[in-house]
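Inside the fold
What follows is each chain in one-letter form.
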Amino acid sequence: MDLLLECYSGISGNMFIGALLDLGVPFEYLKNEIDKLNIHGYELVYKKVDKLGIDSTYFNVKLLEDEHHTHEHCHNHEHNDDLNEDKHDHGDEHEHSHHHEHDQDNHGHHHSHVHRNLNDIKTIINGSDLSNYVKENSLKIFEYIAWAESKIHGKSIDEVHFHEVGAIDSIIDAVGASVCLEYLKVNTIYASNIYKGHGFVNCAHGLFPVPAPATLEILNETPFELKQSVVESELITPTGAAILATFAKPLMSSYKSIKTSYGAGTKDFEIPNVLRISEIELKENKNKKTNEIFLLETNLDDISGEDLGFFMKLCMNEGALDVFYTPIYMKKNRPAYKLSVIAKRTNVKSMAKLIFKHTTSIGVRISKYRRFEMDRSFEDIDTKYGKVTKKILKYEDIEKESYEYEDLKKIATENNISIEEVRSNLK
């Protein structure tokens, strides 16, 4: 299935999930998958609403711990309680950055809250029983948000903290979006008509123009052009921008619309506050979009193989797309290694820092490349060994399938057989 997003009223996490529920994802299935996170302090809101005559699906996260509080946040959104029956309105969804301040017009006191960093959130998601597809893509969404916050504040990505309550609904939005896409077996997501609002959002440190800083940083990493909306409000949230950055690409060909759905936002505007998602069939697809990657390289003639092995594992855990070594000869005929790291733009600086910290390098070369990439989707299949994740790769008329290596390795170890034997038994 291919999807088209039409963001006339922007995009947020809850609007995206609402539209996918409207497209056919059962709410009980989504709820059961989110329960696998083993987090508490929330209820899921799911209902049909009317948006200027359009029957739409509304999804949101009601935060039980904090439902009577009004918050303001420097980089995300301002609550507007008279527009949201659940008392958590940020335009279209509830999000928290790591700066947290109560509005003194509503509170005569401050509250102390626990904060989570990106590693804490990785632990929650990776420690769940969710599929590999959901884990991988949920963390991609969160990494975009954390990267944007780190850039704004001049901090490392590990120093960025999310307010505990804000982390809960942001985790649910990221996981919920990935769960719905996996259920629908979505191959490719396209987007057109990305509209931003205008005006200002009231933050803890004053008025900021929309889009908010974190949202704009993420949008800068996408190939999409922004259009100006007639709406004076914030339309694109950080999670919405991160969903676009993680999953979507511009529509480059004509298409036939097969089925259309609508995900409702919280506020009411002079235009329908909905995200429209359509299942489409491409009529031509000759201009395959390439994506951008960066290659970091350095030559090393004074480092041990043990240290290089440690660095490779560390680098992959921190988000590198690939790491490899090439034997070379350097000055004075010294045998050496050329270290190569492939990374996304968002990880270039952190990868260079890792190289300096954990190798003997004193300089890193950086090159930018464009690459063609096969579309990927994942499917959990039932086998006599239990569930195994199958990876499906497509590019125009080419299709490949393979099983997740970690799943095969686990089965081979548990059954004392070879990995090749496992593969043969799964065919």
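Residues numbered from 1 in each chain as written. Predicted model: local features only at pLDDT ≥ 70, side-chain atom pairs only at ≥ 80, totals over all residues. Heavy atoms only, no water.

Next up on the list: the overall build of the protein. A count of helical and extended segments in the protein gives eleven helices and 22 strands. Relative to its full complement of 427 residues, the protein shows a buried share of 52%. Surface exposure of the protein reaches about 20000 Å², of which carbon and sulfur atoms provide 47%. (Helix = DSSP H or I, 4+ residues; strand = E, 2+ residues; numbered from the N terminus. Buried < 20%, exposed > 50% of the residue type's maximum accessible area, 1.4 Å probe, protein only. Areas by Shrake-Rupley, 256 points an atom, 1.4 Å probe, with all protein chains shown as cover.)

With that settled, the discussion passes to the sheet that holds strand 16 (residues 291-300). If you trace the four strands from one edge of the open sheet to the other, you get 17-18-16-19, paired in antiparallel fashion. Lying at the two open borders of the sheet, with one neighbouring strand each, are strand 17 (322-329) and strand 19 (365-371). Mean inter-strand twist for the sheet, computed between neighbouring axes without regard to direction, equals 25 degrees. Running at roughly 150 degrees to strand 17, helix 8 (residues 305-317) makes contact with strand 16, strand 17 and strand 18 (335-343) of the sheet. Contacts from helix 9 (residues 348-358) reach strand 16, strand 18 and strand 19, with the element oriented near 15 degrees to strand 16. (Pairing = 2+ DSSP bridges. Axes fitted to C-alpha atoms, helices over the stretch in contact; angles between N-to-C directions. Contact = heavy atoms within 4.5 Å.)

Summed over all chains, the structure comprises 21 salt bridges. Close ionic contact of arginine 334 with aspartate 301 constitutes a salt bridge, the shortest N to O distance being 3.1 Å. With arginine 334 in the loop between strand 17 and strand 18 and aspartate 301 in the loop between strand 16 and helix 8, the pair connects residues that are 33 residues apart, well separated along the chain. On the basis of relative accessibility, which here comes to 34%, the residue arginine 334 falls in the partly exposed class. For aspartate 301, a relative accessible area of 25% translates into the label partly exposed. (Salt bridge = Lys/Arg side-chain N within 4 Å of Asp/Glu carboxyl O.)

Before going further, it helps to spend a moment on the packing of aromatic side chains. In the structure shown here, the tally under the stated rule is six aromatic pairs. Where phenylalanine 27 meets tyrosine 46, the ring centres are 4.5 Å apart and the plane angle is 5 degrees; that geometry is what we call stacked. You can see phenylalanine 27 sitting in helix 2 (residues 27-35) and its partner tyrosine 46 sitting in strand 2 (residues 42-51), a full 19 residues away along the chain. A relative accessible area of 39% means that tyrosine 46 is categorised as partly exposed. A centroid spacing of 4.8 Å and a plane angle of 50 degrees characterise the contact between tyrosine 29 and tyrosine 183, whose relative ring orientation is tilted. Taken together, the residues tyrosine 29 in helix 2 and tyrosine 183 in helix 5 (residues 164-184) connect sequence positions 154 residues apart. Looking at tyrosine 29, the relative accessible area reads 27%, which means it is partly exposed. Relative accessible area serves as the criterion here: at 34%, tyrosine 183 is assigned to the partly exposed category. (Phe/Tyr/Trp six-rings, centres within 6.5 Å; stacked < 30°, edge-to-face > 60°.)

Of all eleven residues in helix 1 (residues 13-23), eleven are buried, a share of seventy percent or more. Looking at helix 1, one finds that the buried residues are Gly13, Asn14, Met15, Phe16, Ile17, Gly18, Ala19, Leu20, Leu21, Asp22 and Leu23. Backbone geometry just after helix 1 places glycine 24 at a positive phi near 140 degrees.

In terms of burial, strand 16 is a largely internal element, seven of the ten residues being buried. In this sheet, strand 19 lies alongside strand 16 in antiparallel orientation, the contact comprising seven bridges. Bridge pairing links leucine 296 to isoleucine 366 in strand 19. Pairing of strand 16 with strand 18 involves seven bridges; the strand directions are antiparallel. Bridge assignment links asparagine 299 to a residue of strand 18, and that residue is lysine 338.

Another aspect to go through is unusual backbone geometry. For the bond running from valine 210 to proline 211, omega is 0 degrees, close enough to zero to count as cis. Mapped onto the fold, proline 211 is located in the loop between strand 11 (206-209) and helix 6 (213-219). Even without glycine at this site, lysine 185 takes up a positive phi of about 55 degrees. Its location among the elements puts lysine 185 in the loop between helix 5 and strand 8 (188-192). Located in the positive-phi region is asparagine 333, a residue other than glycine, with phi close to 60 degrees. Within the secondary structure layout, asparagine 333 lies in the loop between strand 17 and strand 18.

Let us now look at the confidence of the model for the protein. The predicted model of the protein averages 82 in pLDDT, with 85% of residues at 70 or higher. Per-element confidence in the protein ranges from a low mean pLDDT of 32 for strand 5 (residues 101-102) to a high of 95 for helix 1. Segment residues 66-112 is flagged for pLDDT under 50; beyond a separation of four residues in sequence, or across chains, it makes 151 contacts in the model. (pLDDT = per-residue confidence, 0-100.)

What follows concerns the nonpolar core. The nonpolar side chains of a soluble globular protein tend to be buried with one another. Counting 67 residues, the largest nonpolar core has Phe16, Leu20 and Ile171 as the members making the most contacts within it. Examining the composition of this core, we find that eleven residues originate from one element, helix 5, more than from any other. Setting aside residues no more than four positions away along its own chain, leucine 20 makes contact with Leu3, Val25, Ala177, Cys180, Leu181, Leu184 and Ile277. Within the second largest apolar cluster, 18 residues are counted, among which are Leu296, Ala343, Met351 and Val364. (Core = buried A, V, L, I, M, F, W, Y, C linked by side-chain atoms within 4.5 Å.)

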